[in-house]
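# Secondary and tertiary structure notes
Below are the chains, spelled out letter by letter.
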Amino acid sequence: MNVDLGNALETTPGLTEETLERLDDRVADAHDRIASGMADDEFGYAALNLPETTDPAAIREATDRFDRPEAVLTVGIGGSALGAATLANALESDVDAYFLDNVDPDAVASLLDDLPLDETVVNVVSKSGTTAETLANFLVVREAMAEAGVDWTERTLVTTGKEGNLRALADDHDLPALDVPDGVPGRFSALSTVGLAVPALQGHDIEAILAGGSDGMASLSGSLFETPAYAYGAATYALAERGALTNAVMPYAESLETFAEWFAQLWAESLGKDGLGQTPARALGATDQHSQLQLYRAGPPDKLVSLIRPTERAETAIPETDLDGLAYLGGSSLGDLLDAEFEATEASLAAADVPNLRIEIDRVDERSLGELLYAMEAACVLYGELASVSTFTQPAVEWGKKAARGLLGGGDFPEADAVADKRELRIDGS
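Residue numbers run consecutively from 1 along every chain, following the written order of its sequence. Thresholds applied to this predicted model are a pLDDT of at least 70 for local features of residues and 80 or more for the giving and counting of side-chain atom pairs; totals over whole chains, interfaces and linings are not thresholded and use all residues. Processing note: side-chain calculations cover all non-hydrogen atoms of the structure and skip hydrogens and water entirely.

### Examining the UniProt feature "active site" (unreviewed entry) in the protein chain
In plain terms, the rule: UniProt positions are given in the numbering used here, feature names are shortened, and annotations may be inferred rather than shown by experiment. To qualify as a helix, a DSSP run of H or I must reach at least 4 residues; to qualify as a strand, a run of E must reach at least 2; elements of each kind are numbered from the N terminus. Between two residues, a contact is recorded if the distance between any of their heavy atoms is within 4.5 Å. Think of a polar contact as two N or O atoms within 3.5 Å of one another; within protein, one of them needs to be a possible hydrogen donor and the other a possible acceptor, and neighboring residues in sequence only count if both atoms come from side chains.
Within this numbering scheme, the UniProt entry marks E269, H290 and K401 as carrying the feature "active site" (unreviewed entry). Taken together, the annotated residues stretch across 133 residues and extend over separate regions, lying up to 37.3 Å apart by C-alpha. The topology assignment puts E269 in helix α11 (residues 257-271). Ignoring any residue separated from it by four or fewer positions in sequence, one finds E269 in contact with R187, T393, Q394 and V397. Here Q265 takes part through its side chain, which lies 2.8 Å from a polar atom of the side chain of E269. Among the secondary structure elements, K401 is positioned in helix α15 (residues 395-407).

Listed below in structure tokens is the structure:
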């Protein structure tokens, strides 16, 4: 994996090589703090040890209790689903992966109507075992299985903490259960049991995913000029300090579209603290060149664009044609066209003085994905150190959880009382 910062130099906002050299001293100090946290398995920093501490054999033991399924249904939300979804949607498999990560009743009912429940493994993920959306969806799924004549206890895998409702359920029904690692926030758990059970059930090489993470781990050093992850984290931080408060993440591979969603949670929930942070936006190349690029190039100068591509991909030839104006396409490939679109977008942004960063991985496979996920997590941690924010907490998220739980009668929470204070200025079109 490599990161190219060239198109963020002398832009608006922008960096200089001298800026990066000065910042590198702070990167060295931040790296020392990160390394210390990793060595002591401190909360949050422990996530950067996952390539070494995750046991793929334990994951295989739990998932091998099921014959190869037709589908895997993960019931989880946020970090309990997005890491697994990133891997599942990026890698091809004849085992379809689905994710119940919302409680929209129409969407839940539609999915359950379409699933072959007798050939589906249900993967329930919640560290606390009390996540309202996850537990509610699981109860609905369990009832649907019972109504279909399927023994849910034969088709369910639990990934949870050492205590709680789901752990008790697993113990009572002898369900295969995986431990959510201690000290790892959900959004940093992609390279743990939380993210790897689904690719294991799909037949993917989870050892290679962890090996990619190890590649990223081995590259960490005290200099942004030697560490792609730190180069990205330091540059995004420095650009935010200069006014680039939106980071549009734009992969040029449809298989990486869910990665941009995973990144959005990682970046927003980790760094949006104390009036600071950088808003992640999601785009897909080349599709969003025909929409969002207009804003990024000609809108307010408060953005950076992160362009991501694999350097190797399968090729689909474009047939020769004698149609006027299209002959130039014949003899090339869709991959050639996508690469040309990528480089044209870079040049377009640079010509408009819009900072953009290039991230390249070798290919979309297990090892490269493991390295990419690890690198973005390390970049996020470095950014948090440089900005002096509490990267691993999420107090604003917890506030909303308490309010919702109080509204549903799950306890007495002052946050729920605030709902009654909502102001209204309603315009009714009826």
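### Digging into the sheet that holds strand β5 (residues 156-160)
The condition that has to hold: Strand pairing is assigned whenever DSSP detects at least two bridges linking the two strands. Axes, fitted as lines to C-alpha atoms, cover a helix only where it is in contact. Angles between the N-to-C directions of the axes lie from 0 to 180 degrees.
Overall, parallel pairing links the 5 strands, which are arranged β3-β2-β4-β5-β6 in an open sheet. Among the strands making up the open sheet, the edge pair consists of β3 (96-100) and β6 (177-179). Pairwise comparison of adjacent strand axes, ignoring direction, gives a mean angle of 20° for this sheet. Bridge count between strand β2 (residues 71-75) and β3: 5 bridges; the pairing is parallel. Directly across from V72, in β3, lies its bridge partner A97. Each of β2, β3, β4 (120-126) and β5 touches helix α6 (residues 132-147); the most contacted strand, β4, lies at about 160° to it.

### Section: α6
Selection criterion: Any helix carries an expected span of 1.5 Å times its number of residues minus one. The classification of residues rests on relative accessible area computed with a 1.4 Å probe and restricted to protein chains. Under 20% of the type maximum is buried, over 50% is exposed, and intermediate values are partly exposed.
Taking 1.5 Å per residue, 16 residues should reach 22 Å; α6 reaches 23 Å between its end C-alpha atoms and fits that length. By the burial criterion, the buried members of α6 are T134, L135, N137, F138, V141, A144 and M145.

### Some details on the domain arrangement of the protein chain
What counts here: Per the annotation, domain bounds derive from an automatic or database assignment of domains. Two parts lose some accessible area (1.4 Å probe) when they are put together, and adding that loss for both gives the buried area. Note on definitions: salt bridges are taken to be side-chain nitrogens of Lys or Arg within 4 Å of carboxyl oxygens of Asp or Glu. Under the grouping applied here, Gly and all other residues not named as nonpolar or charged are polar, the nonpolar ones being Ala, Val, Leu, Ile, Met, Phe, Trp, Tyr, Cys and Pro and the charged ones Asp, Glu, Lys and Arg.
Along its sequence, the protein chain is organised into domain 1 (2-37 + 211-387) and domain 2 (48-205). With centres defined by C-alpha atoms, the gap from domain 1 to domain 2 works out at 30 Å. Of the roughly 2100 Å² buried at the junction of domain 1 and domain 2 (both faces included), carbon and sulfur atoms supply 67%. Linking domain 1 with domain 2 are 1 salt bridge. A salt bridge links R187 to E269; the nearest nitrogen and oxygen atoms lie 3.4 Å apart. Those elements giving two or more residues to the side of domain 1 that touches domain 2 turn out to be α9 (206-218), α11 and α14 (366-387). Ranked by residues supplied to the side of domain 1 that touches domain 2, first place goes to α14 with 9 residues. The class makeup of the residues in the side of domain 1 that touches domain 2 is 13 nonpolar, 7 polar and 6 charged.

### Digging into the sheet that holds strand β1 (residues 2-4)
Ordered by their spatial adjacency, 5 strands build an open sheet running β1-β10-β9-β7-β8, and the pairing between neighbours is mixed. Only two strands of the sheet have a single neighbouring strand rather than two, namely β1 and β8 (279-282). Mean inter-strand twist for the sheet, computed between neighbouring axes without regard to direction, equals 20°. Relative to strand β9 (residues 303-310), strand β7 (residues 246-251) is paired through 6 bridges, and the arrangement is parallel. From the neighbouring strand, P251 faces β9, where its bridge partner is I308.

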